[in-house]
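One letter stands for each residue in the lines below.
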Amino acid sequence: MTTPATSIPSISRRTLIKKSLMAAGAIALPYFIPSRALGLDGNVAPSNRINLGGIGLGRRGQQVLNDMLREPDVRFVAICDVQRSRREKVKAMADSHYGDSACVMYRDLFELLARPDIDAVVIATGDRWHALAALLAARAGKDVYCEKPCGMTMGEIQALADGMHRYGRVFQAGTQRRSQFNFQHAARMAQEGMLGQLKTLHASVYSPNKGYGWLPAEPEPAPEECDWDRWLGPAPWRPYNERYVRGGWRGYHDFEAGGNFLDWGAHTIDLCQWANQADNTTPLTFEPTPTSVRGHYANGVELICDFLPDASGDRSPHYRNSTGTCPVRYEGSEGWVETGDSREIALSDSLAKLRQRQFRGTGISASGHGRNFFDCIRTRGRTVSNQDVMRKSHMTCFAAQMSWQLGRKLTFDPVKEVFVGDDEANRMRYRASRAPWSLQQILTPAI
Amino acid sequence: MHSFRHHLTATLLAIALGCTGALSGADLIKGRAAPAELIAALRSSEASLHDRARACQIAGEIGCIDAVPALAALLADPHLATYARSGLENIPDSSASAALITALGTLSGDNLAGVIDSLGALRNKQAVPALIALTKDTGKGVATHALAALGRIASDECIATILGHLASTDTRLRAAAAEVGLFAAEQRRLVGDKTTERAIYEACRTADVPALLKGSATCAAILTGSADAIPLLLASLDSSDLEQRRAGLRAARRLDGQAVTKALVGRMHDAQPAERALLIGILVDRGGPEVIAPIALQAKCEVAEIRTAAIKALARCGTQEVAPILTEALDGVDATSAMAGLTTLKWAGLNDYLLTAMNGKPAGVRARIIGILAERRFAVATPTFLAQATDADATVATAALKALGCLAQPEDMDRLIAVSLAAKDEGVRSQAERAINLASQGNAPDVRSAPVIKALGTTTKPADRALLVRILGVQGSQSALATIQALLKDADEQVREAAFRALEGWPNAAPIATMITMAADAPIPAWRILALRAGIRMAGTETDTGLACG
C-alpha cells in the first residue's frame, strides 16, 4: 500500500483574490468581508461564502449537514466517503438543496483536502478516523467540525487539541447540546447558584461494554464500492463484513472509543463539566460501582455517570422518563434541575418559581452549533465546543471508562493528564495505529 | 481444531481475567511469568487470525515480557503487525523496544513505518541513530515517519537533524521538518527549555515551507513572550499573507500583558472596519478594565457592524460602566445581546438603575427591562410589575405577568387575581393564569387556594369563574376539590364544563370517586367517557415529587 499523497495548499482562492486587489491598489486587508458585501437580493457573494466539504457523512453526519445546508453563507461543495452509496446520497442531498449538480464526490480524502477553495470540513466518519481526519484537515488549512467522540484514546485527544492550536484552525466538537436552549438554561442555573451550592451532577451513559470479536469474513467489495482498507484507516486490520460499514461497528474495541461509554457520555459528561464550570479541568478520582462510575472534582462536586441500558425505556431512579435521551441532572443544596433531548426542563418543587422563563429560548439544534462554528471561522474566535473544552471533557470520559474497565478506583492529574501511581492505566491512554495512518507523526507524503 | 480453538479462547479469557490454573494473576500482571498458552497462540498456525490478534492485545494488556519474541516475529505480518506493535508498545521492558529497534533493519514499507511510529510513541532514545539514518534514506519511503519519531523524542541530536532538513532540496521533506519542528518545540516548552523552543520557531518561520506552517511558527514565536513579541505581533497583523494575519489574531488573544492590550487598542482605533470588529472581539477576550472604554467608543461608530461587535463585546464585560450603553442598545438591532449582557451584569445598583431607566421608554424596551429584572430576581419591583400588568400594551402586561410568575408572594395573590380577571386581551389573560399558578406553587395547598376561592365567591361573570376554576384544578388542594365538586351543579354551563375539566385533569387521585360516578351518569355522553378514562388514570396515579415546566 502506498503512503497517501497530500499537500498543504500554499495559496487559497481568497488569498489570490486579495493579492489581486492589493496589486490593484486596494488598501483593505480583509479578515472577513462585512455584511454590506452581501448582494442586494440577499444572496451571499461567492467571496463571502464558506465552502464546506464533508468526510464520512453517514446517518449522523447527514443530520448535521441537513442543518448546515440552511445557512445562507455556507456552500457544501464536496463529499468524501469510502462507500459509493453514501457519496452519492450526500451529493444528492446537496444537489437537491442547491438545484444543481455542483457537489463533487471523492473517495480519497486527500483529494478533497487538497482543494484550496474548501475552507472547512465536517467530519463524521466514526470514532476510529475522527482525530486523524481532523488533523489532516487542519494541516491542509481547513477549519474543522468533528463529530464526537473526537478520538479513540486520551493520546489521540491530546494530539488533536494540540494540533488544532499548532495549525491555528477553528475547531468545533459535535457536542451540539451546548447550543441547545434547555441544556444552556440548566447549566446557567447550576453556574449562577440557582440550585444553591452545587453538589452532584448526573450524566447518563450507555451501559459500557467492550467487544473483541470479529464478524465472519465476507468477500471484500471492489474499492470503488467500499474501500475497506481506507474504511479501516488507523484501526487494526480485520476481515471485511458488510455489517461494520452499515453502522454495525459500534461496540467493538477497535472501532469505538471507550466501550460505548462515550456514545452518550461525550455529550452528558461534557454538559456536567460545563455546569460545574470545570471546562479547564477534570475530576481527580474515578471509582466504579455496579451501576455507575463516580468522579470527584477538586471543588467537592460529585459526578455520577449512571449506566442506562438503552436509548429508551425506564430511567428511574435517577432520571425522569419524560426528559428523553441524553438526560442530565444537576443537584444543589436548594434544588435540582433535569433536562434532556425532549427539551423539557424539570425542576424540584423548591424551585417552582423558576419555572417561568422570561425570555424565549433561542438555542435550537445542531444548526445553532454549526452557526457558532461558521461565525468563528469568520472572526477566528473560539467556538463553544473548542479543542480545549473538548479535551477536558473527553479526558473525563476516558478516565471514567478506564476506571470501569479496570474495575478499580483511579486517581487522575488533570494538569499533567496522567493517572497517579497506575502504570497500567497510563499505558491504556494510547494505542498503536495501523501504518501508515499514524496520528503521532502527522503525515506528509512519505519519501 | 475446534477443541483447540475452544481451549485457546477459554485460556485467553482466563489469562485476561488473571486466573489461570498454573499461574497467579499477580504473576501475569507483573509480566514476569510466561503463560505458555498465550505464546503458543501467538506462534500457532492453527490458531485463527482473530485469536492471534487478541493474544497480541492481551500480551500488552498484562505486560507479558516473555511474549516479546513471539510478538516481534509478527511485525512483518500483513494482518497482525499492528496488533503486535500494540502489544510491544505496552510491555514495560527494554526487550520490547529492543525488538522494535532490531526490526528497523529488516522491515520495509508500511510495516517499517509502523515500527518507527511505535519507537516515536515510546520516545525511545536508543533508536535515534537508526532513525536519523532513515531520515536521509529516501529510498525506503519512511523519511517523514522517522522525522516525526525524532520530533517525539526531541533530544538535542533529534532537533539538530530536524532543523537540518529545513534546508532540504525536497519540498515535502522541508514541510515535514517544519511540522515536526513545531511539535519538537512544544516538547521543549514542556520541560522549560525556552531557548531551544524559540530557536526552532525562528528557523521554521524563516524556512521555505508552506504558509500555514510559517504562520503556526509565527504565532508560537510570539507566544514565547520574547522581547520582540509585540513588534512581531503587529507585523503579522500587517502582513499581506493571510496565514500570518491569522497567526497574529491568534497570538493577540493569548499573549499576556497590558502592553499587548495597549498596542491592540492603539491599533483598533486606526484599523479598517473588518479588522476593527475582530480586534474588538479579541480585546474583550483578553479582558481587563482598560478595554472597556475603547470598546464603548466603538459602540457609537457609524458603521453598523462595528456597533454590533462592540455591543456584543460589552455584553460580555459585565461591569457597571457598560450599563448605560447596553440599556440604550435595548432599543435596536442589538437588543438580544444587550439583554444577555444586562441579565448577568455584576453591579449591585443595576436593578434600581433599570427600574428608573424604564420610565418613558417604548413598550418593547420596557418589556425587555421587566424581563431582565425578573431574571435578576428583583423582587422589590413586584409592586411595579403589578401595576404594569394592567398596562395598555399587551407586550408590557405579558412581560410583567411573566415576571410576577416567579416573583409574586402570597400577599400579592389577591391583586394578581384581580389583574387576571380584568384583562381583556386573551394572551394577557392566559399569561395571568399561568402567573397565578406559578406564583402559588411554593405555598401550602389550602393556602394557595384560599384567595382563588375567595375571588370565586365574589365573581359573577361565567368566563371569569371558569378561569378561577381552572386555576383551582391545577392547584389540586382539598379545599379546591370541595369547591369544584359543588360547581358541577352550577347554573352556568361554562362553569360546569370548567368544573368537570378541572376534576378530569386533577393532579392526584382525590376525585376518583366522583369520576367513577360520572362515568355512569354524567349528563353529557362525552363526559362519561372522559370520566372513565380519568378514573382509570387516577387508579394508577403515583405521587409526583416534581412538576415539569414547558
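Just so you know, these numbers come straight off a predicted model, no measurement behind them.

What counts, and where the lines are drawn
Within every chain, residues take consecutive numbers counted from 1 along the sequence as written. Written order decides the labels, with chains lettered from A and ligands numbered from 1. The predicted origin of the model limits local features to residues at a pLDDT of at least 70 and limits the giving and counting of side-chain atom pairs to 80 or more, whereas totals for whole chains, interfaces and linings rest on all residues. Note: side-chain values were computed over all heavy atoms of the structure, leaving out hydrogens and water. Pairs were defined over the aromatic rings of Phe, Tyr and Trp, the Trp ring being its six-membered one, requiring ring centres within 6.5 Å. Orientation was assigned from the angle between planes: stacked under 30 degrees, edge-to-face over 60, tilted for the rest. For helices the rule is a DSSP run of H or I covering at least 4 residues; for strands it is a run of E covering at least 2, with both sets numbered from the N terminus onward. When accessible area is computed with a 1.4 Å probe and restricted to protein chains, residues below 20% of their type maximum are described as buried, those above 50% as exposed, and intermediate ones as partly exposed. In this analysis the charged atom, NZ for Lys or CZ for Arg, is taken to sit over a ring once it is within 6 Å of the ring centre and within 35 degrees of the ring normal. To obtain the arc, one takes the directions from the helix axis to the C-beta atoms. Residue contacts are defined here by distance: any two heavy atoms, one from each residue, within 4.5 Å place the two residues in contact. Known as pLDDT, the predictor's per-residue confidence is scaled from 0 to 100. In this text, buried Ala, Val, Leu, Ile, Met, Phe, Trp, Tyr and Cys residues form a nonpolar core when linked through side-chain atoms within 4.5 Å. Counted as salt bridges are all cases of a side-chain nitrogen of Lys or Arg within 4 Å of a carboxyl oxygen of Asp or Glu. Note on disulfides: each one is a pair of cysteine sulfur atoms within 2.5 Å. Nitrogen and oxygen atoms within 3.5 Å of one another constitute a polar contact, given that in protein one can donate a hydrogen and the other can accept it, and given that sequence-neighbouring residues count only through two side-chain atoms. Simply put, an axis is a line fit to the C-alpha atoms, just over the touching stretch for a helix, and the angle between two N-to-C directions goes from 0 to 180 degrees. Angular relationships are summarised with four words: roughly parallel below 35 degrees, roughly antiparallel beyond 145, roughly perpendicular across 65 to 115, and oblique for the angles in between. Only four residue types enter the tally: Lys and Arg on the positive side, Asp and Glu on the negative side, with His and both chain ends excluded. Strands are labelled as partners when DSSP assigns at least two bridges between them.

## Some thoughts on the packing of aromatic side chains
Residue and element names in this part refer to chain A. According to the stated counting rule, one finds 18 aromatic pairs over all chains in the structure shown. For the pair W228 and Y244, a centre-to-centre distance of 5.8 Å together with 15 degrees between the ring planes defines the contact as stacked. In this pair, W228 is assigned in helix α8 (residues 228-232) and Y244 in helix α9 (residues 242-248), connecting sequence segments 16 residues apart. Like W228, the residue Y244 is buried in the burial classification. An angle of 85 degrees between the planes, with centres 5.2 Å apart, marks the rings of W231 and F255 as edge-to-face. Of the two residues, W231 is situated in helix α8 and F255 in the loop between α9 and α10 (261-275); the sequence distance between them amounts to 24 residues. Taking relative accessible area as the criterion, F255 reaches 0% and is therefore assigned buried. Stacked on the ring of Y98, the Lys or Arg R75 has its end atom at 3.8 Å from the ring centre. A cation over a ring is seen here: R128 above W231, with NZ or CZ 3.5 Å from the ring centre.

## Section: helix α15 (residues 229-238) of chain B
Residue and element names in this part refer to chain B. For α15, the complete set of buried residues consists of A229, L232, L233, S236 and L237. Taken end-on, α15 shows its buried residues confined to a sector of 135 degrees, consistent with a single buried face. Contact partners of the buried residues in α15: α13 (194-206), α14 (211-223), α16 (242-254), α17 (258-270) and α18 (273-286).

## Describing the confidence of the model for chain A
Here chain A shows a mean pLDDT of 86. Residues at 70 or above account for 85%. Taken as a whole, residues 1-42 of chain A scores under 50 in pLDDT and shows 78 contacts with residues more than four places along the chain or in a different chain.

## Considering unusual backbone geometry
Note that the residue after K148 of chain A, namely P149 of chain A, is joined by a cis bond; omega there is -15 degrees. Among the secondary structure elements, P149 of chain A is positioned in the loop between β5 (143-146) and α6 (154-167). Omega for the bond connecting S316 of chain A with P317 of chain A falls within 30 degrees of zero, at 10 degrees, which places this linkage in the cis form. Summarising the element assignment, P317 of chain A is placed in the loop between β10 (302-308) and β11 (328-332). We note that R343 of chain A has phi near 75 degrees; this positive angle belongs to a residue other than glycine. With respect to the element layout, R343 of chain A can be found in the loop between β12 (335-339) and β13 (345-347). On the basis of relative accessible area, R343 of chain A is assigned to the partly exposed category, the value being 40%. We note that A154 of chain B has phi near 60 degrees; this positive angle belongs to a residue other than glycine. As for its placement among the helices and strands, A154 of chain B is situated in the loop between α10 (143-153) and α11 (156-164).

## Side note on the nonpolar core
With 283 residues, the main nonpolar core has Y330 of chain A together with L314 of chain B as its most contacted residues. V90, C103, V122 and F374 of chain A belong to the second largest nonpolar core, which has 23 residues in total.

## As for the pattern of salt bridges
Considering all chains together, one arrives at 59 salt bridges over all chains under this definition. Salt-bridge contacts for D341 of chain A lead to R177 of chain A; the nearest nitrogen and oxygen are separated by 2.7 Å. With D341 of chain A in the loop between β12 and β13 and R177 of chain A in the loop between β6 (171-173) and α7 (181-191), this residue pair connects regions lying 164 residues apart in the sequence. Salt-bridge contacts for D285 of chain B lead to R253 of chain B; the nearest nitrogen and oxygen are separated by 2.6 Å. Here D285 of chain B, found in helix α18, pairs with R253 of chain B, found in helix α16; they are 32 residues apart in sequence, far enough to count as distant.

## Observations regarding the state of the cysteines
Chemically, a disulfide is nothing more than a covalent bond linking the sulfur atoms of two cysteines. The final tally for this structure, using the stated rule, is zero disulfides over all chains. Among the cysteines around C326 of chain A, which has no disulfide bond, C272 of chain A carries the closest sulfur, lying 11 Å off.

## Structural notes on the environment of E302 of chain A
Residue and element names in this part refer to chain A. Checked against the element boundaries, E302 lands in strand β10. For the pair E302 and T200, spaced 102 residues apart in sequence, the C-alpha separation works out to 4.8 Å. Ignoring anything within four residues of it in the chain, the contact list for E302 reads K199, T200, L201, R294, G295 and H296. Side chain to side chain, E302 and H296 meet in a polar contact 3.4 Å long.

## Remarks on the packing of helix α24 (residues 363-375) of chain B against helix α26 (residues 394-407) of chain B
Residues and elements named next belong to chain B. As a packed pair, α24 and α26 sit with axes 8 Å apart at the nearest point and diverge in direction by 5 degrees. Here α24 lies roughly parallel to α26, going by the angle between them. For the pair α24 and α26, the contacting residues are A363, R366, A367, I370 and A374 in the first and T395, V396, A399, A400, A403, C406 and L407 in the second.

## Notes on the side chain of D77 of chain B
Residue and element names in this part refer to chain B. Note on placement: D77 falls in the loop between α5 (68-72) and α6 (81-90). Although D77 is buried, it forms no salt bridge, and the closest oppositely charged side chain is R52 at an N-O distance of 4.8 Å. Within the structure, the side chain of D77 is placed 2.8 Å from the backbone nitrogen of L80, a separation counted as a polar contact.

## Description of the sheet that holds strand β1 (residues 50-55) of chain A
Residue and element names in this part refer to chain A. Read from one edge of the open sheet, six strands run β3-β2-β1-β4-β5-β6, paired in parallel fashion. Edge positions in the open sheet fall to β3 (104-106) and β6, since each of these has one partner strand only. Strand-to-strand twist of the sheet, defined as the mean angle between neighbouring strand axes without regard to direction, takes the value 20 degrees. Bridge count between β5 and β6: three bridges; the pairing is parallel. If you follow Y145 over to β6, its bridge partner there is Q172.

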